[in-house]
Amino acid sequence: MFFLIRLSFASFVNSVVKDVDVIRANSISQRLIHKNICELEGDVEVLIGNKMHVWAEYVEIDQEKKTVKARAAQNSFVKLEFTDTVILAEELFLNLESKKGFAKKVKIHLHE
């Protein structure tokens, strides 16, 4: 019975994540805060739309608002990677609908 509950919970989390153009999301733990908001915590890796790759300690995905919030572990960083650019930050916020976002304490690395 536990297996069925865990499986249905995972599929519900998957449906929330899929509606935000997230192709893959891996983490140690997942939790639903609200029917549209999913929390991923612990070595989080999120692939968004085959274009952006996010690594962080904590990520919150809001299906309704189409937003992604990421936070780094203490003395670490959030990594946002594109094919030609890597952005390191303490915190990151992305609005996938408007294609805008912001970050705190940013470092940008451009590939040559």
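Residues numbered from 1 in each chain as written. Predicted model: local features only at pLDDT ≥ 70, side-chain atom pairs only at ≥ 80, totals over all residues. Heavy atoms only, no water.

**Considerations on the confidence of the model for the protein**
Considering every residue of the protein, the mean pLDDT works out to 80; 81% of them sit at 70 or more. Across residues 1–17, confidence stays below pLDDT 50; counting only partners more than four residues off in sequence or on other chains, it has 19 contacts. (pLDDT = per-residue confidence, 0-100. Contact = heavy atoms within 4.5 Å.)

**With respect to the packing of aromatic side chains**
Per the stated rule, a full pass over the model turns up 1 aromatic pair. Between the NZ or CZ atom of Arg71 and the centre of the ring of Tyr58, over which it lies, the distance is 4.1 Å. If you follow Lys79 out to its NZ or CZ, it ends over the ring of Trp55, 4.7 Å from the centre. (Phe/Tyr/Trp six-rings, centres within 6.5 Å; stacked < 30°, edge-to-face > 60°. Lys NZ or Arg CZ within 6 Å of the ring centre and 35° of its normal.)

**Points about unusual backbone geometry**
Within the chain, Asp43 stands out as a residue other than glycine whose phi angle is a positive 50 degrees. Assignment of secondary structure puts Asp43 in strand β3 (residues 37–48). In this structure Asp43 comes out as exposed when scored by relative accessible area, which is 60%. With a phi close to 60 degrees, Asn75 is a non-glycine residue in the positive phi region. By relative accessible area, Asn75 is classed as exposed at 78%. (Helix = DSSP H or I, 4+ residues; strand = E, 2+ residues; numbered from the N terminus. Buried < 20%, exposed > 50% of the residue type's maximum accessible area, 1.4 Å probe, protein only.)

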